[in-house]
Amino acid sequence: MSNPIITFVGAGNMAASLIGGLRAQGVPASAIRASEPGSEQRNRLQREHGIATFSDNAEAIKGADLIVLAVKPQIMKAVCLDLAAHLASNQVIISIAAGISCASLESWLGERPVVRCMPNTPALLRQGVSGLFANPRVSAEQKAQAEQVLSAVGLALWLDNEAQIDAVTAVSGSGPAYFFLLIEAMTEAGEQLGLPRETAARLSIQTALGAARMASESDVDASELRRRVTSPNGTTEAAINTFQAGGFEALVQQALNAAANRSAELAEQLGQ
Ligand SMILES: NC(=O)C1=CN([C@@H]2O[C@H](COP(=O)(O)OP(=O)(O)OC[C@H]3O[C@@H](n4cnc5c(N)ncnc54)[C@H](O)[C@@H]3O)[C@@H](O)[C@H]2O)C=CC1
Ligand SMILES: O=C(O)[C@@H]1CCC=N1
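In short, a report on the structure. Being a predicted model, the structure only gives us computed values, none of them experimental. (Residues numbered from 1 in each chain as written. Chains lettered and ligands numbered in written order. Predicted model: local features only at pLDDT ≥ 70, side-chain atom pairs only at ≥ 80, totals over all residues. Heavy atoms only, no water.)

1. Re the nonpolar core
Here's step 1: Counting 32 residues, the largest nonpolar core has F8, L22, I94, V115, V149 and L150 as its most contacted members.
Here's step 2: Those elements giving two or more residues to this core turn out to be β1 (6-9), α1 (13-24), β2 (32-35), β4 (66-69), β5 (92-95), β6 (114-118), β7 (128-134) and α6 (140-151).
Here's step 3: A per-element tally of this core places α1 first, with four residues.
Here's step 4: With residues near it in sequence (within four places) discarded, I94 still touches L66, I67, V68, L69, V115, C117, A146, V149 and L150.
Here's step 5: One finds L83, C102, W108 and L109 within the second-largest nonpolar core, a separate group that totals 26 residues. (Core = buried A, V, L, I, M, F, W, Y, C linked by side-chain atoms within 4.5 Å. Buried < 20%, exposed > 50% of the residue type's maximum accessible area, 1.4 Å probe, protein only. Helix = DSSP H or I, 4+ residues; strand = E, 2+ residues; numbered from the N terminus. Contact = heavy atoms within 4.5 Å.)

Listed below in structure tokens is the structure:
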């Protein structure tokens, strides 16, 4: 595939990760641009990745094939309304903003190819996962180009309908925070059991990493891996029984429902 020109509008944490991932995959600096009001971020991108940077969004998108919108959801409408008059009809919009629907983007930018994505912060280490949804105006080639951008920082999975983005947000968009919460709680509990805090933290973190790698690399599912750790009448069983007596699975379901509902609610509020 020849290299499409990609412009990032907004070059904070998520955009910088995507740019780093694309460069590491061999996408030339000449194919990537970024528009960003912060001079520090612009200088850093020039220095670290050799890409052209702009302070003017309209200037930055001239001639781009793909435009990645990576500003905060709260300013997306204003950014889009400013860009609308400067867009060419064949330019593809890729939005990574939480809670901004394709319909809202098209109402601000006009009818055009739009890919809506929900990445997550492990993208910073190129260990992210994203859900992607394309509106019907996106061609197969444009889909492949959008997938190349998101797969530069991890796994990219296509969704059949846009409503599934709320579920992706609940599972993987917000998901890193759930694992951090478990690490925090296990560290605290380990300390209460008499371990030095630093030791409890390292045990918890390395266990999370090891378990995630086993779940990812093993050919059996998580429940079977769990069964293999759980000796009958043993220590794991004692802990799992305690989690389940406290309604662990139902609580996880409720928490993810709350995240998905909030995602839909934000789309309603921010999409006006
Ligand atoms: N942090 C997370 O866990 C996730 C974030 N996202 C989405 O990614 C998007 C970006 O998030 P972050 O990179 O974390 O935020 P960030 O705050 O690091 O980056 C946003 C950048 O936009 C720049 N900006 C502000 N006004 C601008 C304008 N008018 N034109 C161009 N650029 C402008 C800011 O200076 C900043 O560098 C958000 O929409 C967020 O919803 C999506 C998935 C997960
Ligand atoms: O908490 C949030 O709203 C954003 C979306 C996914 C991760 N962070």
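The rest of the description comes next.
2. With respect to the sheet that holds β4
Here's step 1: Reading across from one edge, β3-β2-β1-β4-β5-β6-β7-β8 is the order of the eight strands in this open sheet, with mixed pairing throughout. Across the chains shown, the open sheet's two edge strands, defined by having one partner strand only, are β3 (52-54) and β8 (154-158). Between one strand axis and the next, the sheet turns through 20 degrees on average, direction left out of account.
Here's step 2: Here β5 runs beside β6; their pairing, made up of three bridges, is parallel. Among the inter-strand pairings, I93 is bridged to a residue of β6, identified as V114.
Here's step 3: Its contacts with the sheet put helix α4 (residues 73-83) on β1, β4 and β5, and the angle it makes with β4 is roughly 155 degrees. (Pairing = 2+ DSSP bridges. Axes fitted to C-alpha atoms, helices over the stretch in contact; angles between N-to-C directions.)

3. Topic: the layout of surface pockets
One simple way to see leftover space: roll a probe sized like a water molecule over the atoms.
Here's step 1: In this structure, the second largest pocket spans a volume of roughly 780 Å³.
Here's step 2: Looking at the second largest pocket, it is lined by 33 residues, and the ones nearest its centre are M14, V71, K72, P73 and A98.
Here's step 3: When residues of the lining of the second largest pocket are traced back to their parent elements, those giving at least two are α1, α4, α7 (164-173) and α12 (248-270).
Here's step 4: With four residues, α12 is the largest single contributor of residues to the lining of the second largest pocket.
Here's step 5: Class assignment of the residues belonging to the lining of the second largest pocket gives a composition of 18 nonpolar, 12 polar and three charged.
Here's step 6: Split by domain, the residues of the lining of the second largest pocket number at least three in each of domain 1 (6-162) and domain 2 (175-266). (1 Å grid on protein atoms, 1.4 Å probe; cavity = no way out; pocket = protein on both sides within 12 Å on 5 of 7 lines; lining within 4 Å. Points joined across faces, edges and corners; volume = space filled by probe spheres on them. Nonpolar A, V, L, I, M, F, W, Y, C, P; charged D, E, K, R; others polar. Domains from an automatic or database assignment.)

4. Quick notes on the pairing of β8
Here's step 1: Summarising the sheet, β7 and β8 pair through five bridges and their orientation is parallel. Paired with S130 across the bridge in β8 is A156.
Here's step 2: In this fold, β7 hands off to α6, which returns the chain to β8; that crossover is right-handed. (Right-handed = clockwise from strand over helix to strand, strands pointing away.)

5. Considerations on the site of ligand 1
Here's step 1: Close to ligand 1 lie 22 residues, the nearest being N13, M14, E36, Q41 and V71.
Here's step 2: M14 has a polar backbone atom sitting 2.8 Å from an oxygen atom of ligand 1.
Here's step 3: Here an oxygen atom of ligand 1 sits 3.3 Å away from a polar atom, N or O, in the side chain of K72.
Here's step 4: Coverage of ligand 1 by the protein chains reaches 76% of its 840 Å² of free accessible surface.
Here's step 5: Structurally, ligand 1 is housed in the second largest pocket.
Here's step 6: Residue assignment for the shell around ligand 1 shows that the elements contributing at least two residues are α1 and α4.
Here's step 7: If one sorts the elements of the shell around ligand 1 by residue count, α4 sits on top with three residues.
Here's step 8: A breakdown of the residues in the shell around ligand 1 according to their chemical character gives 13 nonpolar, seven polar and two charged. (Near = heavy atom within 4 Å. Polar contact = N/O pair within 3.5 Å; in protein donor to acceptor, adjacent residues only side chain to side chain. Areas by Shrake-Rupley, 256 points an atom, 1.4 Å probe, with all protein chains shown as cover. Sits in = over half its atoms within 2 Å of the grid points.)

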